[in-house]
Amino acid sequence: MEGYTSSPPSRVVDIHTHMYPPAYIQLLESRNSIPLIRKFDGAKEPRLIILPAEAESLDKVSSSSSSHLPGRPVTRHYSSLVQKLHFMDTHKIDISVISLANPWLDFVAPEDAGETAKSINQEFSSMCTEAPGRLFFFATLPLTAPPKTLLAAVGHIRSLKYCRGVILGTSGLGKGLDDPALVPAFRALAANKLTIFLHPHYGLPSEVWGPRATEEYGHVLPLALGFPMETTIAVARMYLAGLFDQVPDLRMILAHSGGTLPFLAGRIESCVVHDGHLVREGKVGPSRRTIWQVLREQIYLDAVVYSEVGLRAAIEASGSDGVGRLMFGTDHPFFPPLGTDEQGEWESVTWNAQAVTKVLGSDSSGAKAVMGGNAFEVLRLHGDS
């Protein structure tokens with residue numbers, strides 16, 4: 001059993017929490033196309049603009065108005081280590097596994113990607129050194145770099161004592177995560193026991209949301225629906241390509257409780273079994289591992305789902321040891337409170353914690369496992385090495 005134990009440590013661990021270190025902020029400030037950070041007259045903070053729909057509205061923004069600005073404000077919560085620790089203390093979080101937020105380094109030129117990744121990862125390592133025992137991190141890979149540089153980066157991050165894995169988007173090397181060219185990197189990560197934290201960014205094409213979305217619906221559709229579907233599609237493609245069988249030691253944590261995978265795994269399995277092409281190709285034989293088996297053997301889910309309904313589905317989809325495959329997260333610094341002080345408690349965090357209590361009971365062994373025990377064991381947070 002890889003996660004849940006009968007008496008997990010009573011620590012609260014946040015495995016889904018982001019930071020933009022100062023060097024990354026400067027990189028985004030230097031850009032003229034998304035992703036970018038732009039300052040607007042009259043606005044208290046600069047704005048982070050990363051979604052295509054936000055970029056489309058840039059030219060329409062009046063420099064004299066700050067009421068309908070694209071993107072989101074870049075507060076101290078994005079880059080301040082002091083602020084991160086304050087947030088942890090406020091929400092009684094003992095350990096955080098921090099990671100660079102999307103879109104990571106997907107936009108960096110190939111010739112610069114290797115050194116940029118090394119610099120960013122070193123910044124994260126230094127932050128962890130300032131709070132030993134409280135901070136670990138998921139490193140960032142230079143996916144646009146040549147293959148040799150990418151594999152060298154895996155070796156480098158393995159030497160960073162607070163690194164416990166990598167955060168990865170769904171684009172891979174540009175062709176998605178079912179790209180055969182990614183297999184050497186997956187094998188290197190697995191061999192070095194570096195867990196992949198899979199996180200969405202690209203969502204679905206903007207036209208899916210219709211002409212009213214940008215002006216009337218805010219970020220609700222791309223974040224609530226586009227992100228989860230992106231994750232689900234990426235994992236389904238990996239499964240259909242046989243990547244989990246090619247790299248059986250690969251371990252992944254899926255953001256946002258796996259998107260819609262817990263709900264749609266049964267439908268995926270039915271479509272595989274009843275697909276004439278796959279049957280004719282001999283891909284549906286008795287030795288085939290089902291999507292359920294992969295979900296329960298190589299995949300973990302974070303508990304950033306905001307309700308007991310979703311959390312219960314995630315646990316049940318993860319099998320008899322489902323409680324042992326869920327890990328608490330906050331998604332800080334995103335989803336801040338809009339009506340109360342950001343220095344206080346965030347309702348987005350409270351909703352996730354309350355969901356665990358409602359499903360597993362207050363102070364139960366299962367709740368302790370999801371809130372920290374699983375991450376503590378799976379990510380080896382009991383030491384520096």
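An account of the accompanying structure is given in this report. (Residues numbered from 1 in each chain as written. Predicted model: local features only at pLDDT ≥ 70, side-chain atom pairs only at ≥ 80, totals over all residues. Heavy atoms only, no water.)

1. Observations regarding the sheet that holds strand β3 (residues 47-49)
- The sheet built from 3 strands is open, its strands ordered β2-β3-β4 with antiparallel pairing. Because the sheet does not close on itself, it has two edges, and the strands there are β2 (36-38) and β4 (72-73).
- As judged from the 3 bridges shared by β2 and β3, these two strands associate in the antiparallel manner. Counterpart to R38 in the pairing with β3 is R47. (Pairing = 2+ DSSP bridges. Helix = DSSP H or I, 4+ residues; strand = E, 2+ residues; numbered from the N terminus.)

2. Some words on the pattern of salt bridges
- Under the definition given, this model contains 8 salt bridges.
- The salt bridge involving R289 is made with E297; its shortest N-O contact spans 2.6 Å.
- Note on R289: relative accessible area 17%, which makes it buried.
- For E297, a relative accessible area of 34% gives the class partly exposed.
- Salt bridges sharing common partners tie together D245, R289 and E297. (Salt bridge = Lys/Arg side-chain N within 4 Å of Asp/Glu carboxyl O. Buried < 20%, exposed > 50% of the residue type's maximum accessible area, 1.4 Å probe, protein only.)

3. Let's talk about the side chain of H18
- Considering the arrangement of structural elements, one finds H18 in strand β1 (residues 13-19).
- Taking relative accessible area as the criterion, H18 reaches 0% and is therefore assigned buried.
- Among residues more than four places away in sequence, those in contact with H18 are K84, S99, L100, A101, I167, F197, H199, D331, H332, P333 and F334. (Contact = heavy atoms within 4.5 Å.)

4. Comments concerning the packing of aromatic side chains
- Within this structure, the stated rule accounts for 9 aromatic pairs.
- Judged by centre distance (6.0 Å) and plane angle (15 degrees), the ring pair of F124 and F137 falls under stacked. With a gap of 13 residues between them, F124 in helix α4 (residues 110-130) and F137 in strand β6 (residues 135-140) connect regions that are remote in the sequence. Taken as a pair, F124 and F137 share a single burial class, namely buried.
- Clustering of aromatic rings is evident, with ring pairs tying together Y20, Y24, Y78, F107 and F334.
- Sitting over the ring of Y300, R325 keeps its end group 4.2 Å from the ring centre. (Phe/Tyr/Trp six-rings, centres within 6.5 Å; stacked < 30°, edge-to-face > 60°. Lys NZ or Arg CZ within 6 Å of the ring centre and 35° of its normal.)

5. Some remarks on the sheet that holds β1
- Strand order in the open sheet formed by 8 strands is β1-β5-β6-β7-β8-β9-β10-β11, with parallel pairing between adjacent strands. Across the chains shown, the open sheet's two edge strands, defined by having one partner strand only, are β1 and β11 (326-327).

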